[in-house]
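# Geometric and topological summary
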Amino acid sequence: GPRLAGKLQEDTYAQWAASDYAKAGPGRQTCQSCHMPDRKHLWRGIHDPEMARRAIDVKLDLVDLGGGRHEAVATVRNSGAGHHFPTYMVPKVELAFVRHDAGGVHPLGSQLIGWQVDTGITREIADTRIPAGEARAFRQPFAAPAGDWRIELVVRVLPAEHYERIYRDSLGRAGQLPPAAVPLLRQALADAEATRYELLRVEAGPATAAAPIAN
C-alpha cells in the first residue's frame, strides 16, 4: 500500500499483530473483541468518548527546575487499544496545559498525539503515536508565580483533524474554486470541527499529587 516516511498509511492490522493483544492464549483480543462486542456491528472507535477513555491512562507530574521554573510532564499510556493510539493520520489527541493562579487562567501550550503529515500527504511532520502497551511523556516548561497555583491538563480528541486542515487549506484558495464548492467546504469544515470533544482533565499542584478531575 501507499507509504509515507517508509510507513504504511494504513497499518492497523500490523500494529495489532505486533502487540500483546495478538498473542495466543486467554489474553488474546481480536479487532472484533473491542469494536464488535457480542457480535454487534457498533464499530466504535476514536469518535466514541467511552472507547477513547478506555484506551489510555494519563498522569500529570510537576518537576521543580529551580528559580521559579517548572516542567509539567504528562505521561500517556496506551493501556487499552490493541494498536497505536491513534492508529493512523486522520485523528489527533490534543494535550493542552493551563496554569491557574490568583491572576486567572493562563494557557501554557499544547501538544498533539498522532501521526502528523502535510495535507498533500507528501511529508511527515511528526509521529507521536503511542504503540499498544507503551507510554510517552509530553513536557511543557513554565514559570510559576509566588502564591498558590495549579496546573491543569485538558485532553481533547480531534477525530477529523487532518480533514480540518485540508478544508482550511482549500478555503484559503477559495478564489480559485467554483463558487458552488465554497459553501460545501465551509459546511464540511464545520462538520469536522463538530466531532471534537473533551476527553478528560487532570490537575497537579506543587504540593499535591496528580488526580483526575470529573468532567
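For the structure given in this document, a descriptive report is provided here. Keep in mind the model is a prediction, meaning the values are calculated, not measured. (Residues numbered from 1 in each chain as written. Predicted model: local features only at pLDDT ≥ 70, side-chain atom pairs only at ≥ 80, totals over all residues. Heavy atoms only, no water.)

## Some details on the overall build of the chain
Assigned secondary structure in the chain consists of five helices and 12 strands. Seen through its principal axes, the chain has C-alpha atoms that stretch 60 × 55 × 35 Å. Scored against the burial criterion, the 215 residues of the chain give a buried share of 38%. Of the contacts formed within the chain by residues at least 6 apart in sequence, a portion of 64% connects residues at least 24 apart. As presented, the chain carries roughly 11,700 Å² of accessible surface, and 53% of it is formed by carbon and sulfur atoms. Side-chain charges of the chain comprise 26 positive and 25 negative groups, with the mean position of each set lying 3 Å from the other. (Helix = DSSP H or I, 4+ residues; strand = E, 2+ residues; numbered from the N terminus. Buried < 20%, exposed > 50% of the residue type's maximum accessible area, 1.4 Å probe, protein only. Contact = heavy atoms within 4.5 Å. Areas by Shrake-Rupley, 256 points an atom, 1.4 Å probe, with all protein chains shown as cover. Lys, Arg positive; Asp, Glu negative; His and termini not counted. Charge placed at Lys NZ, Arg CZ, Asp CG, Glu CD.)

## A few points about the packing of aromatic side chains
All chains considered together, the criterion is met by two aromatic pairs. Pairing Tyr 13 with Trp 16 gives two aromatic rings, centres 5.5 Å apart and planes at 45°, and the pair type is tilted. Pair noted here: Tyr 13 and Trp 16 are both in helix 1 (residues 12-17), with a separation of three residues, about one helical turn. Note on Phe 142 and Trp 149: the rings are 5.6 Å apart at their centroids and 75° apart in plane angle, and the pair reads as edge-to-face. Judged by relative accessible area, Phe 142 falls into the buried class, the value being 2%. (Phe/Tyr/Trp six-rings, centres within 6.5 Å; stacked < 30°, edge-to-face > 60°.)

## Section: the packing of helix 4 (residues 161-171) against helix 5 (residues 181-193)
Interhelical geometry of helix 4 versus helix 5 gives an angle of 155° and a closest axis separation of 9 Å. Looking at the two axes, helix 4 sits roughly antiparallel to helix 5. The two elements helix 4 and helix 5 meet at a crossing, and its hand is left-handed. Across the interface between the two elements, Glu 164, Tyr 167, Arg 168, Ser 170 and Leu 171 of helix 4 pack against Val 182, Leu 185, Arg 186, Ala 188, Leu 189, Ala 192 and Glu 193 of helix 5. Split by residue class, the contact of helix 4 with helix 5 holds seven nonpolar, one polar and four charged. (Axes fitted to C-alpha atoms, helices over the stretch in contact; angles between N-to-C directions. Parallel < 35°, antiparallel > 145°, perpendicular 65-115°, else oblique. Left-handed = near helix turned anticlockwise from the far one by under 90°. Nonpolar A, V, L, I, M, F, W, Y, C, P; charged D, E, K, R; others polar.)

## With respect to the pairing of strand 10 (residues 149-158)
Residues in a regular strand project their side chains so that they alternate between the two faces of the sheet. Across the 10 residues of strand 10, eight count as buried, placing the element largely inside the fold. Relative to strand 10, strand 5 (residues 92-101) runs antiparallel, the two sharing 10 bridges. The partner of Lys 92 across the bridge, within strand 10, is Leu 158. Looking at chain direction, strand 10 and strand 11 (residues 197-204) are connected through seven bridges and run antiparallel. The residue of strand 11 that forms the bridge with Leu 153 is Val 202. (Pairing = 2+ DSSP bridges.)

## Overview of the nonpolar core
If you look at the biggest cluster of nonpolar residues, it comprises 29 residues, and the most contacted ones within it are Leu 60, Val 76, Leu 95, Ile 113, Leu 153 and Leu 199. Elements that contribute at least two residues to this core include exactly helix 3 (49-55), strand 3 (56-66), strand 4 (69-78), strand 5, strand 9 (135-143), strand 10 and strand 11. Among residues more than four places away in sequence, those in contact with Leu 153 are Val 58, Leu 60, Ala 74, Leu 95, Ala 96, Phe 97, Leu 200, Arg 201 and Val 202. Residues Leu 4, Met 89, Trp 115 and Val 117 belong to the second largest nonpolar core, which totals five residues. (Core = buried A, V, L, I, M, F, W, Y, C linked by side-chain atoms within 4.5 Å.)

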